[in-house]
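Chain residues, written in single-letter form:
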Amino acid sequence: MRRFLMMLGGGLVATSLAAGPAWATTTTTTTKAATRHVVQWRDVAGVFRTKAAADKRMSALDAKGVTGFTVLTLPHRKAAARRFEVEQTFPTHAAAKAEAAKVRADGITVRVVAV
């Protein structure tokens, strides 16, 4: 009987400790949610085998007054050569399409790619 009462008492203590925070008075703090800017879309103005060719495309974009594009060095394997991509990133598909339309109006080929 004593063993049973000890186990029952231990079970009650364990249950009360586990459920204690739910019954205790809680204080809440409100914080502003962090804004996440996740890049999901890219405008790609070209993929090149040499940095000089990518820089030439960047010069063409600058000459047309288009800003925001960068040269990204793509990782390479032993079998494949290093490649350079001229791209601009966007959080939404609509923003990527709108910028692509402006760049295409300037006579430069751009494709919209999902990341």
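Residues numbered from 1 in each chain as written. Predicted model: local features only at pLDDT ≥ 70, side-chain atom pairs only at ≥ 80, totals over all residues. Heavy atoms only, no water.

Undergrad: What is the right way to look at the side chain of Arg 42 in this model?
TA: Summarising the element assignment, Arg 42 is placed in strand E1 (residues 41–48). Accessibility expressed as a relative area gives 17% for Arg 42, which makes it buried. In terms of polar contacts, Arg 42 uses its side chain to reach the side chain of Glu 85, at 2.5 Å. Leaving out residues up to four positions away in the same chain, Arg 42 has contacts with Glu 85, Glu 87, Gln 88, Thr 89, Arg 111, Val 112, Val 113 and Val 115. (Helix = DSSP H or I, 4+ residues; strand = E, 2+ residues; numbered from the N terminus. Buried < 20%, exposed > 50% of the residue type's maximum accessible area, 1.4 Å probe, protein only. Polar contact = N/O pair within 3.5 Å; in protein donor to acceptor, adjacent residues only side chain to side chain. Contact = heavy atoms within 4.5 Å.)

Undergrad: Honestly, helix H2 (residues 51–63) in this entry has me stumped. Any pointers?
TA: Along an α-helix, residues three or four positions apart point the same way, because every turn accommodates 3.6 residues. For H2, built from 13 residues, the straight-helix expectation of 18 Å at 1.5 Å per residue is met to within 8% by its first-to-last C-alpha distance of 18 Å. Among the residues of H2, those classed as buried are Ala 54, Met 58 and Leu 61. Along the axis of H2, the buried residues cluster in a sector spanning 55°; they form a single face. Along H2, the residues that are exposed and aim more than 90 degrees away from the buried face are Ala 52, Lys 56 and Ala 63. For H2, the secondary structure elements touched by its buried residues are E1, strand E2 (70–74), strand E3 (83–90) and helix H3 (93–105). Count one or two residues on from H2 and you reach Gly 65, which has phi positive near 85°. (Expected span 1.5 Å × (residues − 1). Arc of directions from axis to C-beta.)

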